[in-house]
Structure formats: structure tokens, C-alpha cells
Amino acid sequence: MTGKKIRIGVLALQGDVREHVRALAVAGAEPAEVRGPEELAAVDGLVLPGGESTTIGRLLRIFGLLEPLRAAVGDGLPVYGSCAGMILLARDVLDGRPDQPLIGGLDMVVRRNAFGRQVDSFEADLDVVGVDGPPMHAVFIRAPWVEKSGDGVAVLARVGEHPVAVRQGHLLATSFHPELTGDTRMHELFVEMVRQRGRA
Ligand SMILES: NC(=O)CC[C@H](N)C(=O)O
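An unreviewed UniProt entry annotates the chain as Pyridoxal 5'-phosphate synthase subunit PdxT originating from Frankia nepalensis. Its UniProt record gives the chain the following Subunit (unreviewed entry) comment, quoted word for word: "In the presence of PdxS, forms a dodecamer of heterodimers. Only shows activity in the heterodimer." Recorded in UniProt for the chain, the comment headed Sequence similarities (unreviewed entry) runs: "Belongs to the glutaminase PdxT/SNO family."

Now the structure itself:
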């Protein structure tokens, strides 16, 4: 641990940006909104917020961020994707739009709106690997689940048999929205991941 604040970007094209900015600040990072390649180049880690993955994907193309983001992920930039952000980090999406662009990087296939076929939104208390203390109260909104994942992917939490939190090296993804509950332990876990990469 160093005393230096690390700078973590929040992709700010669409979705619940402000809530992530707030949670990252509470978790001890210096948050920064990212809308273009120069801003992306200036951060030590990045959060992809929830929202609508098809819209965010389209905006990534329009803002010239899709290829720079793919390159940054390939280069080891730590990224945390929540809900729509989880979808963007997947290598493939089921029930997505055929032309829906993904960033990829995480060796998983996700199913979009997976729980939504039964209920649109729900809440659950989850034990998350790597998060100490009481179970985490998790909010799911038209959430994806991980349909399948490669050997390199660690499952951190499940709802029933379905993985809803995963990590592969420098990439972290959750189906749920920790930025909405005031519980910043998921953001703290990500800040620590970024810190350990020593980019600060
Ligand atoms: N809350 C969310 O991020 C919902 C994700 C949305 N259903 C999508 O497909 O992108």
C-alpha cells in the first residue's frame, strides 16, 4: 500500500455514473469521468457502470473509445464492470442484440436480462469471496448472469447456481449494483486490485 491516491475512471457515456464516482471516493480513490481516449489514458483503473449495454456499446463506437478500451484491457488496465458493464467485458453475450459491440477480456459468456425473464428486479444478500464482514446486500436490475466461464475465471458469488460476481486477473464483474446500496466494499476490493497493479 502506498499513501498516494489512485485515479479511477468511470466510463461516463450513459448509466449510473454519479453513484460510482461517489462510491469510489468513499473507497479512497480519486474518481474521474472518462468520455474519450485522452481521459482513458490518464486513469489507473476504470469502472464500467450499469445502464444499457447496447446503448453504451454504440456510444463507445461513436466516441472512439471501443478500440482504445480493448487495447487498454489487453494491456492490463484493471476494469470493473457492473451489470451492463459485466456484459461489455464478456467475450460473448446471449440474448443480446446481434450488432451489440463488446469490449471483451473476461473469458465468459453472459446471458443478458437473464433473471428478467422471471422478475425484472430483486435484491439478495450474498457472500462474496474476498469481501469480509456480513453478507453484501445486492440489487439486481434486469441483470445478466454468467452462463459459462473459462478455467481462469474465479467465481466470487452466485445466485442459485448462476455466477453473479467473477474475477479474472485484472478484470472484475458483478451482475448487481453495489453503487446503489451505500456499501462500498466491492469498490474497496477494486481499488485494492488497482493499487496492487502498481500503476499509481
Ligand atoms: N442495470 C443494468 O445495467 C441492466 C443491463 C441491461 N439489461 C443491459 O442489457 O445492458
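Moving on to the overall build of the chain. Scanning the chain for helices and strands turns up six helices and 12 strands. Dimensions along the principal axes, computed over C-alpha positions, put the chain at roughly 45 × 40 × 30 Å. Taken across its 200 residues, the chain has 55% of its residues classed as buried. Nonlocal contacts in the chain, meaning residues at least 24 apart in sequence, comprise 66% of its contacts between residues at least 6 apart. Total accessible area computed for the chain in this model is approximately 8,700 Å², and 47% of it derives from carbon and sulfur atoms. In the chain, the 22 positive side-chain charges and the 26 negative ones have mean positions that sit 4 Å from each other.

This paragraph deals with the site of the ligand. Within the structure, the ligand sits among Gly50, Gly51, Glu52, Ser53, Cys83, Ala84, Ile87, Arg112, Asn113, Ile141, Arg142 and His177. One of the backbone nitrogen or oxygen atoms of Ala84 is found 3.1 Å away from an oxygen atom of the ligand. For the ligand, a nitrogen atom lies 2.9 Å from a polar atom in the side chain of His177. Computed on the free molecule, the ligand has an accessible area of 300 Å², of which 95% lies beneath the protein chains in the complex. In a pocket analysis with a 2 Å cut-off to the grid points, the ligand is assigned to the largest pocket. Partitioned by chemical class, the residues of the shell around the ligand number four nonpolar, five polar and three charged.

So, on to the UniProt feature "active site" (unreviewed entry) in the chain. This chain's UniProt record puts "active site" (unreviewed entry) on Cys83, His177 and Glu179. Across 97 residues, the annotated set stays spatially compact, with a maximum C-alpha separation of 11.1 Å. In the annotation above, Cys83 and His177 are the residues that line the largest pocket. With respect to the helices, strands and loops of the structure, Cys83 is situated in the loop between β4 (79-82) and α5 (84-89). In this view, Cys83 contacts Gly50, Ile141, Arg142, Ala143, Pro144, Thr174, Ser175, Phe176 and His177; residues no more than four positions away in its chain are not counted. Within the secondary structure, His177 sits in the loop between β12 (171-174) and α6 (185-196). In this structure, His177 is in contact with Asp16, Gly50, Ser82, Cys83, Val139 and Ile141, ignoring residues within four places of it in sequence. Polar side-chain contacts of His177 include one of 3.3 Å to the side chain of Asp16.

Moving on: unusual backbone geometry. With a phi close to 60 degrees, Asp95 is a non-glycine residue in the positive phi region. Within the secondary structure, Asp95 sits in the loop between β5 (90-94) and β6 (106-111). A relative accessible area of 43% means that Asp95 is categorised as partly exposed. The residue Arg142 is not glycine, and still its phi comes out positive at about 40 degrees. Looking at the secondary structure, you find Arg142 in the loop between β8 (136-141) and β9 (145-149).

The next thing to look at is the nonpolar core. In this structure, Ile8, Leu126, Phe140, Phe176 and Met186 are the most contacted members of the largest nonpolar core, which totals 36 residues. Counting only elements with at least two residues in this core, the list comes to β1 (7-11), α1 (17-26), β7 (121-126), β8, β10 (154-159), β11 (162-168) and α6. Considering each element in turn, this core owes the most residues, six residues, to α6. For Ile8, the residues in contact, after removing those within four places along its chain, are Leu24, Ala29, Glu30, Pro31, Ala32, Val43, Gly45, Leu46, Val47, Phe190, Val191 and Val194. The next biggest cluster of nonpolar side chains, apart from the first, holds 35 residues, and it includes Leu46, Leu65, Val93 and Leu106.

What counts and what doesn't
Residues numbered from 1 in each chain as written. Predicted model: local features only at pLDDT ≥ 70, side-chain atom pairs only at ≥ 80, totals over all residues. Heavy atoms only, no water. UniProt positions renumbered as here; feature names shortened; annotations may be inferred. Helix = DSSP H or I, 4+ residues; strand = E, 2+ residues; numbered from the N terminus. Buried < 20%, exposed > 50% of the residue type's maximum accessible area, 1.4 Å probe, protein only. Contact = heavy atoms within 4.5 Å. Areas by Shrake-Rupley, 256 points an atom, 1.4 Å probe, with all protein chains shown as cover. Lys, Arg positive; Asp, Glu negative; His and termini not counted. Charge placed at Lys NZ, Arg CZ, Asp CG, Glu CD. Near = heavy atom within 4 Å. Polar contact = N/O pair within 3.5 Å; in protein donor to acceptor, adjacent residues only side chain to side chain. 1 Å grid on protein atoms, 1.4 Å probe; cavity = no way out; pocket = protein on both sides within 12 Å on 5 of 7 lines; lining within 4 Å. Sits in = over half its atoms within 2 Å of the grid points. Nonpolar A, V, L, I, M, F, W, Y, C, P; charged D, E, K, R; others polar. Core = buried A, V, L, I, M, F, W, Y, C linked by side-chain atoms within 4.5 Å.

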